[in-house]
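Secondary and tertiary structure notes
The residues making up each chain are set out below.
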Amino acid sequence: MKPPVLIPRPETEELVHLVLADLNDRCPSSALIMDVGCGSGAICLWLLKNRPDDRSIAVDISTEACQLTRDNAESTDLLRRLAVHRCDVTTGITESVDALNNHHNLLIVRHDVDHVLESASTLKWPQSFDVVVSNPPYITPAEMADLDPELTWYEDERALLGGGPDGMDIIKEVVRFSQQTLKRGGSLWLEVGLAHPPLLRQFVMQHCTGLNFIAAHPDFTGRLRFCHLQKS
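Residues numbered from 1 in each chain as written. Predicted model: local features only at pLDDT ≥ 70, side-chain atom pairs only at ≥ 80, totals over all residues. Heavy atoms only, no water.

**Some thoughts on the overall build of the protein chain**
Defined as follows: Helix and strand assignments follow DSSP, with helices taken as H or I runs no shorter than four residues and strands as E runs no shorter than two, numbered in order from the N terminus. The contact definition used throughout considers only heavy atoms, calling two residues in contact when any of these lie within 4.5 Å. Accessibility throughout is a Shrake-Rupley quantity obtained with a 1.4 Å probe, and a residue counts as covered only by protein chains that appear here.
Assigned secondary structure in the protein chain consists of eight helices and ten strands. Of the contacts made within the protein chain by residues no fewer than 6 positions apart, 67% connect residues no fewer than 24 positions apart. When the accessible surface of the protein chain is totalled, it reaches about 10800 Å², and 53% of it is carbon and sulfur.

**Let's talk about helix α3 (residues 63-75)**
So the rule is basically this: Expected span of a helix, by definition, is 1.5 Å for each gap between consecutive residues, and there is one gap fewer than residues.
Taking 1.5 Å per residue, 13 residues should reach 18 Å; α3 reaches 18 Å between its end C-alpha atoms and fits that length. Packed against the buried residues of α3 are α2 (42-50), β2 (55-60) and β3 (82-88). After α3 finishes, the residue D77 shows a positive phi value of roughly 60°.

**So, the environment of S30**
Counted only if it meets this: Any residue under 20% of the maximum accessible area for its type is buried, any over 50% is exposed, and the rest in between are partly exposed; the area is computed with a 1.4 Å probe on protein chains only.
Within the secondary structure, S30 is located in the loop between α1 (10-26) and β1 (32-36). Taking the relative accessible area as the measure of exposure, S30 reaches 36% and is therefore partly exposed. Along the primary structure S30 and P52 are separated by 22 residues, whereas in three dimensions their C-alpha atoms are 8.1 Å apart. Not counting the four nearest positions on each side in its chain, S30 is found in contact with R51, D53 and D54.

**A word on the pattern of salt bridges**
Should the charged atoms of two oppositely charged side chains come close, the side chains can pair. Stated formally: Within this document, salt bridges are pairs made up of a side-chain nitrogen of Lys or Arg and a carboxyl oxygen of Asp or Glu, the two lying within 4 Å of each other.
Scanning the model with the defined rule gives six salt bridges in all. We note a salt bridge from R26 to D22, for which the minimum N-O separation is 2.9 Å. Here R26 pairs with D22, and both are found in helix α1, just four residues apart, close to one helical turn. On the accessibility criterion, R26 (26% relative accessible area) is partly exposed. Looking at D22, the relative accessible area reads 10%, which means it is buried.

**Focus on the nonpolar core**
Threshold: To define a nonpolar core, start from buried Ala, Val, Leu, Ile, Met, Phe, Trp, Tyr and Cys residues and group those joined through side-chain atoms within 4.5 Å.
One finds V36, V175, L188, L190, L200, V204 and L229 to be the most contacted residues of the largest nonpolar core, which totals 28 residues. It is helix α7 (residues 169-181) that provides the largest number of residues to this core, a total of four residues. If sequence neighbours within four positions are ignored, L200 has contacts with M168, I171, V175, L190, F213, C227 and L229. With 14 residues, the next largest nonpolar core counts I43, V131, V133 and W189 among its residues.

**Side note on the confidence of the model for the protein chain**
Put simply, the test is: A score between 0 and 100, pLDDT records how confident the predictor is in each residue.
Per-residue confidence for the protein chain gives a mean pLDDT of 79, with 69% of residues at or over 70. In this model, residues 1-5 is a region of pLDDT below 50 whose contacts with residues beyond four sequence positions or in other chains number 18 contacts. Predicted confidence is poor over residues 97-123, with pLDDT under 50, and the contacts of this stretch with residues over four places away or in other chains come to 60 contacts.

**Quick notes on the environment of H228**
By secondary structure assignment, the location of H228 is in strand β10 (residues 224-231). H228 gets classed as buried once you look at its relative accessible area, which sits at 10%. For the pair H228 and E191, spaced 37 residues apart in the sequence, the C-alpha separation amounts to 9.3 Å.

**Looking at the pairing of β2**
Convention followed: Should DSSP find at least two bridges between two strands, the strands are taken to pair.
Counting buried residues in β2 gives six out of six residues, a clear majority hidden from the surface. Burial along β2 is two-sided: the residues R55, I57 and V59 and S56, A58 and D60 are all buried. Note that β1 and β2 share five bridges and pair parallel. Bridging from a neighbouring strand, I33 pairs with S56 of β2.

**Notes on unusual backbone geometry**
The phi dihedral of D77 falls on the positive side, at around 60°, and the residue is not glycine. Given a relative accessible area of 68%, D77 falls into the exposed group.

This is the structure we're talking about:
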């Protein structure tokens, strides 16, 4: 880990176990995974380590996070199955990071997703992914004021603040983004704030044609924190 990248929380390990169970059930042989807001790469790398035939694309708005994910993938011998790109999901604009773009790595992913990588600096988002997983920023401004000083001093505010008074703005953007990237029957898995599952269910019902809210799952304290959506 390196500042200012967000340190993974214990709850995120539970999210990974849920995604793994879903993949093992729906895609027993291989899958294409997208990790949105990859941070250190903990989610996508854990999934790749446990599913040796899967491929993943990891995106983050932070260049530092992208570089850290790339470094961690290299140190765990997973870089051959991973492409990492800086991307703002609110605009779909992707910027390549030179250190992340070794051509051998890109060619492997290009072969698997039918030219998902149009060039070293541009990503197309076809409906090709079996899973989109994200632990997006979801803290509200009111909650931000009460956070431990260690978080606000050392960690990137963009990885914490969810946008809007309810912390839902970036969650909504990830949901919209997944509508473009998931294949039919694909899953979106999200870690969200404790107040968000009912708000997310309502948003999906009202604004996301073709996407279904399947369930909210509890964390180890019994509080609903992980949401499963599926493209019909």
